[in-house]
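Chain by chain, the residues:
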Amino acid sequence: QVELVESGGGLVQAGDSLRLSCVAPGRTLGYYAMGWLRQAPGKAREFVAGISWIGDSTIYADSVKGRFTISRENAESTVYLQMNSLKSEDTAVYYCAAAATTEQLRTLSYDYWGKGTQVTVSS
């Protein structure tokens, strides 16, 4: 079900940066691994980044390693995705998701998600 709320998407030029935010209104994100997924038009949804509930472990898709950074602030029940050096191929709707483990996020086996926020990168 839809439980999370994403924000921060927009239209940017290649090479620019964006920071996406995700919150879980009325609940804590503690004890959940959190992550970001994305889906481009006409393509399957793919895993982007994940972070453990305590924030000490992160995983990334190969396509975004070195460019994207995921972080979380559990006191505010918020997770972020800092996206640098954006490329046109990063254009997609980005979804925040929660699961028991980062491996579940990587395999798209998430328990909660949001409605998404659009990121468009022009060449």
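Up top you'll find the structure we're talking about.
Let me begin by describing the structure that accompanies this report.

Conventions used here
Residues numbered from 1 in each chain as written. Predicted model: local features only at pLDDT ≥ 70, side-chain atom pairs only at ≥ 80, totals over all residues. Heavy atoms only, no water. Helix = DSSP H or I, 4+ residues; strand = E, 2+ residues; numbered from the N terminus. Rg over C-alpha atoms; globule rule 2.2 N^0.38 Å. Buried < 20%, exposed > 50% of the residue type's maximum accessible area, 1.4 Å probe, protein only. Contact = heavy atoms within 4.5 Å. Areas by Shrake-Rupley, 256 points an atom, 1.4 Å probe, with all protein chains shown as cover. Lys, Arg positive; Asp, Glu negative; His and termini not counted. Charge placed at Lys NZ, Arg CZ, Asp CG, Glu CD. Patch = residues over 30% accessible without salt bridge, like charges linked within 9 Å, V, L, I, M, F, W, Y side chains within 5 Å. Salt bridge = Lys/Arg side-chain N within 4 Å of Asp/Glu carboxyl O. Phe/Tyr/Trp six-rings, centres within 6.5 Å; stacked < 30°, edge-to-face > 60°. Core = buried A, V, L, I, M, F, W, Y, C linked by side-chain atoms within 4.5 Å.

### What to know about the overall build of the protein chain
In terms of helices and strands, the protein chain carries 1 helix and 11 strands. In sequence order, the protein chain lays out its α and β elements as β-β-β-β-β-β-β-β-β-α-β-β. Relative to the compact-globule value of 14 Å for 123 residues, the protein chain shows a C-alpha radius of gyration of 13 Å, a close match. Along the longest, intermediate and shortest principal axes, the C-alpha atoms of the protein chain span 40 × 25 × 25 Å. Here the protein chain holds 123 residues, and 44% of them are scored as buried. Here the analysis covers contacts within the protein chain between residues at least 6 apart in sequence; of these, 57% occur between residues at least 24 apart. With an accessible surface of roughly 6000 Å², the protein chain has 49% of that area assigned to carbon and sulfur atoms. For the protein chain, the distance from the average position of its 11 positive side-chain charges to the average position of its 12 negative side-chain charges is 3 Å.

### Points about the environment of Asn74
As for its position among the elements, Asn74 is in the loop between β7 (68–73) and β8 (78–83). The class of Asn74 is partly exposed, set by a relative accessible area of 26%. In this structure, the C-alpha to C-alpha distance between Asn74 and Gln13, residues 61 residues apart in sequence, is 31 Å.

### Here's the deal with a nonpolar patch on the surface
Side chains of Tyr31, Trp53 and Ile54 sit close together on the surface and give an oily, nonpolar patch of about 380 Å² of accessible area. Checked against the element boundaries, Tyr31 lands in the loop between β3 (18–23) and β4 (33–39).

### Concerning the packing of aromatic side chains
All chains considered together, the criterion is met by 3 aromatic pairs. An angle of 85° between the planes, with centres 5.5 Å apart, marks the rings of Tyr32 and Tyr112 as edge-to-face. Linking Tyr32 in the loop between β3 and β4 with Tyr112 in strand β10 (residues 112–114), this pair joins segments that are 80 residues apart in sequence. For the ring pair Tyr110 and Trp113, a centre distance of 5.5 Å and an interplane angle of 70° mean the geometry is edge-to-face.

### Concerning the nonpolar core
Trp36, Leu81, Met83 and Tyr94 are the most contacted members of the largest nonpolar core, which totals 34 residues. Residue assignment for this core shows that the elements contributing at least two residues are β3, β4, β5 (46–51), β7, β8, β9 (92–99) and β11 (117–122). Considering every element that reaches this core, the biggest residue donor is β9, with 6 residues.

### Describing the pattern of salt bridges
Throughout the structure, instances matching the rule amount to 5 salt bridges. Across the salt bridge formed by Asp90 and Arg38, the nearest N and O atoms sit 2.9 Å from each other. Placement of Asp90 in the loop between β8 and β9 and of Arg38 in strand β4 is noted, with a sequence separation of 52 residues between them. The class for Asp90 is buried, based on a relative accessible area of 1%. Taking relative accessible area as the criterion, Arg38 reaches 5% and is therefore assigned buried. Put simply, Asp90 and Arg67 hold a salt bridge, and the shortest N to O gap is 2.7 Å. Of this pair, Asp90 sits in the loop between β8 and β9 while Arg67 sits in the loop between β6 (58–60) and β7, and the two are 23 residues apart along the sequence. Judged by its relative accessible area of 10%, Arg67 falls in the buried class.

Take it as geometry only, folks, not as evidence of what the structure does.
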